[in-house]
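Architecture and fold: a report
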Amino acid sequence: MGVQSYEGKEHRYVDYPVMDVLQMMGRACRPLEDERSRCVLMTQQTRKDFYKRFLSDGLPIESHLPTHLLHDYFLAEVAVKTIENKQEAMVILLRLPPFCLLLSLCLRTF
């Protein structure tokens, strides 16, 4: 069935996650031995446009930093010496979403 696998419990075919498809495509090449590689992706016609668009455009990567882990994040950055003074801490803090900045200001007052 192409980029689907059979789910025995539900008795149906389910799509592989996109990240799994990318990993399989990445393993089509042996970097030290092959100059070129080829990956053949067999899918239904209805999914063809999705994979063509995905391979040419990609998907946006979204990330977030949970506010309850803000102190752990800062301590890790201090430990690896990414943050060595108050000015560098403020630069990183200003890159965070506004609610994180507000939370850190509220925590400082307590």
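Our subject is the structure listed above.
About the thresholds
- Residues numbered from 1 in each chain as written.
- Predicted model: local features only at pLDDT ≥ 70, side-chain atom pairs only at ≥ 80, totals over all residues.
- Heavy atoms only, no water.
- Helix = DSSP H or I, 4+ residues; strand = E, 2+ residues; numbered from the N terminus.
- Contact = heavy atoms within 4.5 Å.
- Areas by Shrake-Rupley, 256 points an atom, 1.4 Å probe, with all protein chains shown as cover.
- Buried < 20%, exposed > 50% of the residue type's maximum accessible area, 1.4 Å probe, protein only.
- Arc of directions from axis to C-beta.
- Polar contact = N/O pair within 3.5 Å; in protein donor to acceptor, adjacent residues only side chain to side chain.
- Phe/Tyr/Trp six-rings, centres within 6.5 Å; stacked < 30°, edge-to-face > 60°.

This part takes up the overall build of the protein chain. Looking only at helices and strands, one finds five helices and two strands in the protein chain. For the protein chain, the sequential pattern of α-helices and β-strands runs β-β-α-α-α-α-α. Considering only intrachain contacts with a sequence separation of at least 6, the fraction spanning at least 24 residues in the protein chain is 36%. Accessible area of the protein chain: about 9600 Å², with a carbon and sulfur share of 58%.

What follows deals with the environment of methionine 42. Inspection of the secondary structure assignment puts methionine 42 in the loop between helix H1 (18-26) and helix H2 (45-57). Residue classification places methionine 42 among the exposed positions, given a relative accessible area of 61%.

Moving on to helix H4 (residues 86-95). The complete set of buried residues in H4 reads Ala89, Ile92 and Leu93. Here the buried residues of H4 occupy an arc of 100 degrees about the axis, which is enough to place them on one side. The exposed set on the far side of H4, more than 90 degrees from its buried face, consists of Gln87, Leu94 and Arg95. Between the side-chain oxygen at the start of H4 and the backbone nitrogen of glutamine 87 there is a gap of 3.1 Å, and the oxygen is on asparagine 85.

On inspection of all chains with the given rule, the structure shows two aromatic pairs. Residues phenylalanine 50 and tyrosine 51 carry aromatic rings whose centres are separated by 5.0 Å and whose planes lie at 75 degrees to one another, so their mutual orientation is edge-to-face. The class for tyrosine 51 is buried, based on a relative accessible area of 3%.

With respect to the secondary-structure elements, glutamine 4 resides in strand E1 (residues 4-7). With a relative accessible area of 18%, glutamine 4 lands in the buried category. Reaching out from glutamine 4, the side chain makes a polar contact with the side chain of aspartate 15 at a distance of 3.0 Å.

Interpretation note: all reported values are geometric properties and have no functional meaning in isolation.
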